[in-house]
Amino acid sequence: MEITLNKTDDLNGVINVNVTPDDYQEKVDKVLKDYRKKANIPGFRPGKVPMGYVKKMYGKAILVDEINKMLSESLVDYLKKEELNILGEPLPSQDSESIDFDNQKEFDFKFDVAFAPEFEVKLSKREKLNYYVLKPDEKLIDDTINNYAYQNGENVPVDEITEKEETLKGDIVQLDADNNPLEDGIKKENGLMSLQVMKDEDIKKQFEGKKVGDTVDFDLKKAYPNDTEIASLLEISKEDAAKVEGNFRITINEINKFTPAEVNQELYDKIYGEGTVTSDEQFREKIVEEIKENFKYQSEYKFMLDAKEKLIKKLDLDLPDEFLKRWLDATNKELTKEQIEEEYDKFKEDMQWQLIVDKIYKDNDFKVEESEVIDYAKESTRQQFMQYGLSYIPDEQLENYAKEIAGKPEERRKILDKLAENKAVEFIKESVKVEEKEVSLDEFNNFFK
């Protein structure tokens with residue numbers, strides 16, 4: 001099999017593949033013999049079908065299949081051997097002549113290919129990038145302290161409903177049209193009900209001033225229009241909750257009012273450990289450190305975006321646009337040509353950035369260690385658990401989750417790509433002049449709008 005490359009310009013080329021019977025005939029004959037042995041054709045005993053009949057029935061399909069396999073394998077081997085830095089994948093050339101598999105013995109295939117541009121990434125301290133750090137204002141600090149107070153608060157029993165935000169425990173029964181307990185109606189002993197999430201203000205007013213032992217008749221569906229809330233309150237199915245109508249009566253057994261924790265030494269010790277923080281001033285300083293640390297990811301992400309924009313503009317890499325549009329069309333059947341045109345500029349920027357990252361990574365001989373892959377997977381897993389309110393996961397369990405994620409080829413590839421990008425961004429950070437700038441929360445949020 002003869003393979004040649006004709007570069008039409010710096011970014012485009014055509015690979016020619018010449019296939020002769022010497023390349024494919026032996027493989028085709030072998031497959032035909034296997035078909036003959038296994039073929040189950042009426043009128044012939046197994047293994048006794050004439051070869052001419054097998055060729056007539058299956059010959060062309062087998063020929064096409066074997067040649068396609070050879071083409072795929074040969075192209076991959078050729079690109080690897082020649083160390084060609086191509087973009088996307090080879091595409092059947094638009095100038096290819098039609099192939100007649102019925103009559104031709106020798107075949108010429110043409111594939112269009114696109115090459116990554118040649119470039120260097122040269123950076124110096126004369127170039128500047130900002131690194132934005134959140135400067136917490138008093139409101140953000142106070143809000144964070146209040147969150148800690150609420151997180152560490154508790155429900156305290158009270159004698160009377162005064163704020164219409166209390167939670168109640170009581171015996172709930174369904175009533176008939178005359179507001180008498182409905183025979184065989186729904187009953188729930190010591191049901192837990194929140195006034196704070198109750199939707200109807202007029203019904204809320206009915207509870208004001210009520211004490212333990214008092215009763216209140218109210219329209220449950222009007223108070224809680226959400227069937228899921230009713231199902232939870234009465235411990236019935238969501239389907240049954242959807243059918244609920246009319247009044248219910250609650251006999252109040254317990255009234256609880258949520259009280260935030262006091263901001264004092266007890267709270268400091270609970271959050272940071274005994275004696276770590278001993279004054280309000282230290283507490284606020286610690287909060288500022290936490291807020292800045294919590295926004296570190298956003299700071300790094302913003303720096304990456306700015307570095308990406310700066311280097312894309314600086315290097316202005318030329319890409320084979322028409323080929324890449326064809327490749328996107330061929331590999332993304334869910335996208336229309338119009339969508340590809342609309343989204344191409346964004347795709348082009350991402351492609352340019354990926355080339356820059358790859359160049360920095362290779363030129364500096366960076367490597368991603370297995371321990372880095374696991375650490376990244378562990379941190380991603382920890383962040384996912386935190387989104388569900390699970391702040392502590394045993395390290396052994398976290399390690400198992402991480403190894404499972406890192407073992408999935410697609411997930412592993414994403415992790416490796418991200419770690420490579422992180423190393424490239426860190427290189428950029430060390431190579432240019434970085435000026436740290438403090439910004440407010442509003443300014444920070446505006447960066448990502």
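Details of the structure are given in the entry above.
Residues numbered from 1 in each chain as written. Predicted model: local features only at pLDDT ≥ 70, side-chain atom pairs only at ≥ 80, totals over all residues. Heavy atoms only, no water.

Draft legend 1. Inspection of the environment of Leu-317 at higher detail. Turning to its location among the elements, Leu-317 is positioned in the loop between α10 (296–315) and α11 (321–331). The sequence separation of Leu-317 and Ala-116 amounts to 201 residues, and the corresponding C-alpha distance is 9.2 Å. Discounting chain neighbours no more than four positions away, the residues touching Leu-317 are Pro-117, Phe-119, Lys-348, Gln-352, Leu-355 and Ile-356. (Helix = DSSP H or I, 4+ residues; strand = E, 2+ residues; numbered from the N terminus. Contact = heavy atoms within 4.5 Å.)

Draft legend 2. Summary view of the environment of Asp-171. Mapped onto the secondary structure, Asp-171 falls in strand β7 (residues 167–174). Residue Asp-171 is classed as partly exposed on the basis of its relative accessible area of 30%. Residues Asp-171 and Ile-145 lie 26 residues apart in sequence; the distance between their C-alpha atoms is 37 Å. With residues near it in sequence (within four places) discarded, Asp-171 still touches Lys-188, Glu-189, Asn-190, Arg-249, Ile-250, Thr-251 and Asn-253. (Buried < 20%, exposed > 50% of the residue type's maximum accessible area, 1.4 Å probe, protein only.)

Draft legend 3. Examining the pattern of salt bridges more closely. Within the structure shown, the criterion is met by 38 salt bridges. In this structure, Lys-30 and Asp-34 form a salt bridge, with 3.7 Å as the shortest nitrogen-oxygen distance. With Lys-30 and Asp-34 both in helix α1 (residues 21–38) and 4 residues apart, this pair spans about one turn of that helix. For Lys-30, a relative accessible area of 54% gives the class exposed. (Salt bridge = Lys/Arg side-chain N within 4 Å of Asp/Glu carboxyl O.)

Draft legend 4. The sheet that holds strand β1 (residues 2–7), seen in detail. Here we have 4 strands laid out as an open sheet, ordered β1-β2-β4-β3, and antiparallel in their pairing. Unpaired on one side and paired on the other, β1 and β3 (86–92) mark the two borders of the sheet. Neighbouring strand axes in the sheet, compared pairwise and without regard to direction, differ in orientation by 25° on average. By the bridge criterion, 4 bridges tie β3 to strand β4 (residues 107–115) in an arrangement that is antiparallel. (Pairing = 2+ DSSP bridges. Axes fitted to C-alpha atoms, helices over the stretch in contact; angles between N-to-C directions.)

Draft legend 5. Layout of the layout of surface pockets. For the second largest pocket, the calculated volume is near 560 Å³. What lines the second largest pocket is a set of 21 residues, and nearest its centre among them are Asn-85, Ile-86, Ala-116, Leu-355 and Lys-362. Elements with a minimum of two residues in the lining of the second largest pocket: β1, β3 and α12 (337–363). Considering every element that reaches the lining of the second largest pocket, the biggest residue donor is α12, with 7 residues. Of the residues belonging to the lining of the second largest pocket, the class tally is 11 nonpolar, 3 polar and 7 charged. (1 Å grid on protein atoms, 1.4 Å probe; cavity = no way out; pocket = protein on both sides within 12 Å on 5 of 7 lines; lining within 4 Å. Points joined across faces, edges and corners; volume = space filled by probe spheres on them. Nonpolar A, V, L, I, M, F, W, Y, C, P; charged D, E, K, R; others polar.)

Draft legend 6. Molecular detail of the pairing of β4. Summarising burial for β4: 7 of the 9 residues are buried, a large majority. Bridge count for strand β2 (residues 12–19) against β4 is 8 bridges, and the pairing is antiparallel. In the sheet register, Asn-18 faces β4, and the bridge partner there is Asp-108.

Draft legend 7. Representation of a nonpolar patch on the surface within the structure. On the surface, Phe-44, Tyr-53 and Met-57 cluster together to form a nonpolar patch covering roughly 260 Å² of accessible area. Mapping Tyr-53 onto the fold places it in helix α2 (residues 51–82). (Patch = residues over 30% accessible without salt bridge, like charges linked within 9 Å, V, L, I, M, F, W, Y side chains within 5 Å. Areas by Shrake-Rupley, 256 points an atom, 1.4 Å probe, with all protein chains shown as cover.)

Draft legend 8. Representation of unusual backbone geometry in the model. At Asp-316, a position not held by glycine, the phi torsion is positive, near 45°. Checked against the element boundaries, Asp-316 lands in the loop between α10 and α11. With relative accessibility at 59%, the residue Asp-316 sits in the exposed group. Positive phi is not limited to glycine here, since Asp-365 has a value of about 55°. Along the chain, Asp-365 falls in the loop between α12 and α13 (370–387).

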